[in-house]
Amino acid sequence: QVQLVESGGGSVQVGGSLRLSCAASGYTYSSYCIGWFRQAPGKEREGVEHIEKSGRVSYADSVKGRFTISSDNAKNILYLQMNSLKPEDTAMYYCARATSGLFCGDYIYWGQGTQVTVSS
C-alpha cells in the first residue's frame with residue numbers, strides 16, 4: 001500500500017532551519033505529484049510546495065525564498081529544506097501524493113505528519 005512517512009520536525013528558534021523528509025513507498029515514486037502541506041491550530045490546511053513528475057516545482061507565497069523542495073528519486077524521498085523559520089511556520093507538516101503526475105490538485109494519500117515548532 002502507499003505509505004508516506006514524514007520525519008525531521010522539531011523545535012527551533014526563530015531564524016533557524018530544519019530539513020523535513022518524506023519517505024515514500026508502495027508506488028512508482030516518480031510518477032505522481034508529491035508535495036508538502038501544513039496546518040496550524042485554527043487555520044486552514046495550506047499547500048506549501050509541490051513537485052510534478054516533470055520536476056517542476058510550485059511554491060506558496062508565504063515560503064518563497066525560505067523553503068526549498070527537492071526530491072531524491074533514487075531513494076524515493078521528498079525533502080523540504082526550511083530556512084529563516086518564523087513563528088508563523090509552526091504547524092503540523094504533511095507529505096501528500098496526488099493522483100496525477102501532471103495535475104497536482106487531487107491529493108489523496110497522506111502521511112501522519114511531523115510537528116514543526118518555531119519559538120522566540
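Residues numbered from 1 in each chain as written. Predicted model: local features only at pLDDT ≥ 70, side-chain atom pairs only at ≥ 80, totals over all residues. Heavy atoms only, no water.

**Observations regarding the overall build of the protein**
Line of reasoning, step 1. Scanning the protein from N- to C-terminus turns up zero helices and eleven strands.
Line of reasoning, step 2. For the protein, the α and β elements follow one another from N to C terminus as β-β-β-β-β-β-β-β-β-β-β.
Line of reasoning, step 3. Summarising its shape, the C-alpha atoms of the protein cover approximately 40 × 30 × 25 Å along the three principal directions.
Line of reasoning, step 4. Buried residues in the protein amount to 42% of all 120 residues.
Line of reasoning, step 5. For the protein, long-range pairs separated by at least 24 residues make up 56% of all intrachain contacts whose partners lie at least 6 apart in sequence.
Line of reasoning, step 6. Carbon together with sulfur atoms contributes 46% to the accessible area of the protein, which is approximately 6,300 Å² in total.
Line of reasoning, step 7. With 11 positive and 10 negative side-chain charges, the protein shows a separation of 4 Å between the mean positions of the two kinds. (Helix = DSSP H or I, 4+ residues; strand = E, 2+ residues; numbered from the N terminus. Buried < 20%, exposed > 50% of the residue type's maximum accessible area, 1.4 Å probe, protein only. Contact = heavy atoms within 4.5 Å. Areas by Shrake-Rupley, 256 points an atom, 1.4 Å probe, with all protein chains shown as cover. Lys, Arg positive; Asp, Glu negative; His and termini not counted. Charge placed at Lys NZ, Arg CZ, Asp CG, Glu CD.)

**Observations regarding the nonpolar core**
Line of reasoning, step 1. Formed by 27 residues in total, the largest nonpolar core has its most connected members in Ile34, Trp36, Leu78, Leu80, Met82 and Tyr93.
Line of reasoning, step 2. Looking at this core, the elements with two or more residues in it are β3 (18-25), β4 (34-39), β5 (46-51), β7 (67-72), β8 (77-82), β9 (91-98) and β11 (114-119).
Line of reasoning, step 3. Element by element, the count of residues in this core is highest for β3, at four residues. (Core = buried A, V, L, I, M, F, W, Y, C linked by side-chain atoms within 4.5 Å.)

**Here's the deal with the packing of aromatic side chains**
Line of reasoning, step 1. Counted under the stated rule, the structure contains five aromatic pairs.
Line of reasoning, step 2. Ring plane angle 70° and centroid distance 5.7 Å describe the contact between tyrosine 27 and tyrosine 32, whose orientation is recorded as edge-to-face.
Line of reasoning, step 3. Classification of tyrosine 27 as buried rests on a relative accessible area of 14%.
Line of reasoning, step 4. Summarising the aromatic geometry, the rings of phenylalanine 37 and tryptophan 110 are spaced 4.8 Å apart at their centres and angled 55° between planes, so their arrangement reads as tilted. In this pair, phenylalanine 37 is assigned in strand β4 and tryptophan 110 in strand β10 (residues 107-110), connecting sequence segments 73 residues apart.
Line of reasoning, step 5. Residue classification places tryptophan 110 among the partly exposed residues on the basis of a relative accessible area of 27%.
Line of reasoning, step 6. Members of the aromatic cluster, each reached through a chain of ring pairs, are Phe37, Tyr94, Tyr107 and Trp110.
Line of reasoning, step 7. Arginine 19 extends its terminal NZ or CZ atom over the ring of tyrosine 79, reaching a point 3.9 Å from the ring centre.
Line of reasoning, step 8. Its end group placed over the ring of tyrosine 32, arginine 97 keeps NZ or CZ at 3.7 Å from the ring centre. (Phe/Tyr/Trp six-rings, centres within 6.5 Å; stacked < 30°, edge-to-face > 60°. Lys NZ or Arg CZ within 6 Å of the ring centre and 35° of its normal.)

**What to know about the state of the cysteines**
Line of reasoning, step 1. One pass over the structure, following the stated rule, counts two disulfides.
Line of reasoning, step 2. The residue that forms a disulfide with cysteine 22 is cysteine 95, at a sulfur-sulfur distance of 2.1 Å. Of note, the bridge from cysteine 22 to cysteine 95 carries an S-S torsion of about -70° and is left-handed in sense. One end of the pair, cysteine 22, is in strand β3; the other, cysteine 95, is in strand β9, and 73 residues separate them in sequence.
Line of reasoning, step 3. Taking relative accessible area as the criterion, cysteine 22 reaches 0% and is therefore assigned buried.
Line of reasoning, step 4. According to the relative accessible area criterion, cysteine 95 is buried, its value standing at 0%.
Line of reasoning, step 5. When the cysteines engaged in disulfides are numbered in sequence order, the protein pairs them as 1-3, 2-4. (Disulfide = S-S within 2.5 Å.)

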